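Chain by chain, the residues:
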Amino acid sequence: MTLRDTVAMAAVLACALAMLFLLRLYRKWTGADGEWVRKLAHIGTGLLAISLPWIFSSRIPVFIICGASITLLLTMRYVPLIRGHLSGVLDDVARESWGEIYFPLSVALLYQFAHGSKLLYAVPLVVLTLADTVAALTGAEYGKHGYSAAGA
């Protein structure tokens, strides 16, 4: 691993943390729905993850970033001091979810299975990032309306 990789890893992790802080402030100032803020985080981290093959040529920095992300997310979940500073972004939904842990794990596995192909990495990650977000937000909105069919 080179010095460039180390600096780039620090920059990627700093961007992810900055996004969490900014989304927390956004939620606090606007009173935005927890699910909406969680999906904004999902899109932000997905777009950040999509950039990884263009930043790193080796999988080791990607695995370190994903491992550090999982460690941070677990710390946010179980350490009250950290949760106090970063809560309100990923944990402010009315259901138990481990998606924030599975996402960086999926990124690491996808990076490994893509074998250096940016296309094989980016396309599934775009689908994971955007389709999941759109489906959740659409389902939340349409779930508020009843549906009836003729002859049912």
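Because the structure is a prediction, the values reported are computed rather than measured.

(A) Summary view of the overall build of the chain. Tallying secondary structure elements over the chain gives 7 helices and 0 strands in all. When each of the 152 residues of the chain is scored for burial, the buried share is 34%. For the chain, the proportion of contacts with a sequence separation of at least 24, taken over those separated by at least 6, is 73%. Accessible surface computed for the chain: about 9200 Å², of which carbon and sulfur atoms make up 70%.

(B) Layout of the packing of helix H1 (residues 3-30) against helix H2 (residues 34-50). Look at H1 against H2: their axes get within 10 Å of each other, and the N-to-C directions meet at 160°. Taken together, the axes of H1 and H2 are roughly antiparallel relative to one another. The two elements H1 and H2 cross, and the hand of that crossing is right-handed. Residue-level inspection shows Val 12, Cys 15, Ala 16, Met 19, Leu 23, Tyr 26 and Arg 27 of H1 in contact with H2, the latter providing Gly 34, Trp 36, Val 37, Leu 40, Ala 41, Gly 44, Thr 45 and Leu 48. Residues of the contact of H1 with H2, tallied by class, amount to 11 nonpolar, 3 polar and 1 charged.

(C) Main features of unusual backbone geometry. Positive phi, close to 50°, is recorded for His 115, a residue that is not glycine. Inspection of the secondary structure puts His 115 in the loop between helix H6 (99-114) and helix H7 (118-142). Under the relative-accessibility criterion, His 115 is labelled exposed at 67%.

(D) Molecular detail of the packing of aromatic side chains. Here the structure, examined in full by the defined rule, presents 1 aromatic pair. Centre to centre, the rings of Tyr 111 and Tyr 121 are 5.4 Å apart; their planes meet at 80°, and the pair counts as edge-to-face. One end of the pair, Tyr 111, is in helix H6; the other, Tyr 121, is in helix H7, and 10 residues separate them in sequence. Tyr 121 shares its class with Tyr 111; the two are buried.

So, how was this worked out
Residues numbered from 1 in each chain as written. Predicted model: local features only at pLDDT ≥ 70, side-chain atom pairs only at ≥ 80, totals over all residues. Heavy atoms only, no water. Helix = DSSP H or I, 4+ residues; strand = E, 2+ residues; numbered from the N terminus. Buried < 20%, exposed > 50% of the residue type's maximum accessible area, 1.4 Å probe, protein only. Contact = heavy atoms within 4.5 Å. Areas by Shrake-Rupley, 256 points an atom, 1.4 Å probe, with all protein chains shown as cover. Axes fitted to C-alpha atoms, helices over the stretch in contact; angles between N-to-C directions. Parallel < 35°, antiparallel > 145°, perpendicular 65-115°, else oblique. Left-handed = near helix turned anticlockwise from the far one by under 90°. Nonpolar A, V, L, I, M, F, W, Y, C, P; charged D, E, K, R; others polar. Phe/Tyr/Trp six-rings, centres within 6.5 Å; stacked < 30°, edge-to-face > 60°.

Everything listed is a geometric property; what it means functionally is a separate question.
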